[in-house]
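So you can see what is in the structure, the chains are spelled out below.
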Amino acid sequence: MLRVIPDRVLVVVEAPAYRSQVGLHERSGVWWMVVAGLLEKRCEIVEVAPATRAKYVTGNGRADKKAVVKAVNSLYRLPNPVTDDNLADAVTLSAMGLRLMGVPVERVRSKRSAEFEERLQVVRRGL
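The following paragraphs examine the structure supplied in this document. (Residues numbered from 1 in each chain as written. Predicted model: local features only at pLDDT ≥ 70, side-chain atom pairs only at ≥ 80, totals over all residues. Heavy atoms only, no water.)

1. What to know about the environment of aspartate 7
Convention followed: Secondary structure elements are taken from DSSP: a helix is a run of H or I of four residues or more, a strand is a run of E of two residues or more, and numbering for both begins at the N terminus. Pairs of N or O atoms are called polar contacts if they sit within 3.5 Å, as long as, within protein, a hydrogen donor faces a hydrogen acceptor (for residues adjacent in sequence, only side-chain-to-side-chain pairs).
You can see aspartate 7 is positioned in the segment before strand E1 (10-14). In this structure, the C-alpha to C-alpha distance between aspartate 7 and cysteine 43, residues 36 residues apart in sequence, is 6.0 Å. In this structure the side chain of aspartate 7 is engaged in a polar contact, spanning 3.1 Å, whose partner is the side chain of lysine 41.

What follows is the structure, given as structure tokens:
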């Protein structure tokens with residue numbers, strides 16, 4: 001799975017959701033396996049809390065999965081609408097990584113761009 005990721009690149013990963021009790025043990029194991037593989041490839045890993053991811057795209061850290069999907073479709077206007085919340089999360093994390101690299105992909109007015117920068121400060125403080 002990690003073969004498709006080049007060495008020494010920025011990778012944005014969602015931090016484990018510790019409040020969720022379903023499959024916590026298994027998901028934690030898989031998460032650490034992925035992170036260990038990325039570290040072996042000398043990738044720069046940025047860990048984003050689920051609430052930060054939700055806030056970045058919706059403006060609300062408590063937004064539910066449906067709100068994230070709706071915001072992704074509204075904001076990014078991809079060729080095909082996103083219907084899966086996992087894909088919406090991946091699109092959001094990718095956009096956050098691109099903004100961290102100085103290549104924002106959001107096509108929004110300057111006021112909204114300032115909001116994104118403000119939200120991303122939370123991520124930068126954690127680096």
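2. Comments concerning the layout of surface pockets
We apply this condition: A cavity here means a set of 1 Å grid points, computed over protein atoms only, where a 1.4 Å probe fits but cannot escape. A pocket is an open set with protein on both sides within 12 Å along at least 5 of 7 lines, and lining residues have an atom within 4 Å of a point. Grid points are joined across faces, edges and corners, and a volume is the space filled by probe spheres set on the points. Under the scheme applied here, ten amino acids are nonpolar (Ala, Val, Leu, Ile, Met, Phe, Trp, Tyr, Cys and Pro), four are charged (Asp, Glu, Lys and Arg), and all others, including Gly, are polar.
By volume, the largest pocket is sized at about 1,300 Å³. Taken together, 40 residues make up the lining of the largest pocket; nearest its centre are Glu14, Ala15, Arg53, Asp89 and Leu93. Every element with two or more residues in the lining of the largest pocket is listed here: E1, helix H1 (24-40), helix H2 (50-58), helix H3 (65-76) and helix H4 (85-100). For the lining of the largest pocket, the per-class residue count stands at 27 nonpolar, five polar and eight charged.

3. Re H4
Inclusion rule: Each residue after the first adds 1.5 Å to the expected span of a helix. To sort residues, take the accessible area from a 1.4 Å probe on protein chains only and compare it with the maximum for the residue type: under 20% means buried, over 50% means exposed, and anything in between is partly exposed.
Over its 16 residues, H4 extends 23 Å from the first C-alpha to the last, a length consistent with the 22 Å expected when each residue adds 1.5 Å. Taken as a whole, H4 has its buried residues at Ala88, Asp89, Val91, Thr92, Leu93, Ala95, Met96, Gly97 and Arg99. Where H4 ends, the next residue or the one after it, glycine 102, has phi of about 85 degrees, a positive value.

4. A closer look at the nonpolar core
To be explicit about the condition: Residues belong to one nonpolar core when they are buried, are Ala, Val, Leu, Ile, Met, Phe, Trp, Tyr or Cys, and are joined through side-chain atoms within 4.5 Å. For this analysis, residues touch if any pair of their heavy atoms sits within 4.5 Å.
Membership of the largest hydrophobic core comes to 21 residues, with the highest contact counts inside it found for Tyr56, Val57, Val72 and Tyr76. With six residues, H3 is the single largest residue contributor to this core. When near neighbours in sequence (up to four residues on either side) are disregarded, tyrosine 76 contacts Tyr56, Val57, Val91, Ala95, Val105, Glu106 and Arg107. Residues Leu2, Val11, Trp31 and Val35 belong to the second largest nonpolar core, which totals seven residues.

5. Structural notes on the environment of alanine 63
Counting through the fold element by element, alanine 63 comes out in the loop between H2 and H3. Take alanine 63: its relative accessible area is 18%, and that puts it in the buried class. Measuring from C-alpha to C-alpha, the distance between alanine 63 and proline 50 comes to 9.9 Å, with 13 residues separating the pair along the chain. Discounting chain neighbours no more than four positions away, the residues touching alanine 63 are Ala54 and Thr58.

6. What about H1?
Here is the rule: What the arc measures is the spread of directions leading from the helix axis to the C-beta atoms.
With 17 residues, H1 ought to run about 24 Å at 1.5 Å a step, and its terminal C-alpha atoms sit 24 Å apart, in line with that. Every buried residue of H1 is listed here: Trp31, Val35, Gly37 and Leu38. The buried residues of H1 occupy an angular sector of 160 degrees when the element is viewed end-on, so they sit on one face. Those residues of H1 that are exposed and aimed more than 90 degrees away from the buried face are His25, Glu26, Trp32, Met33, Leu39 and Glu40. On its buried face, H1 sits against E1 and strand E2 (44-48). Two residues or fewer after H1 comes arginine 42, characterised by a positive phi angle close to 60 degrees.

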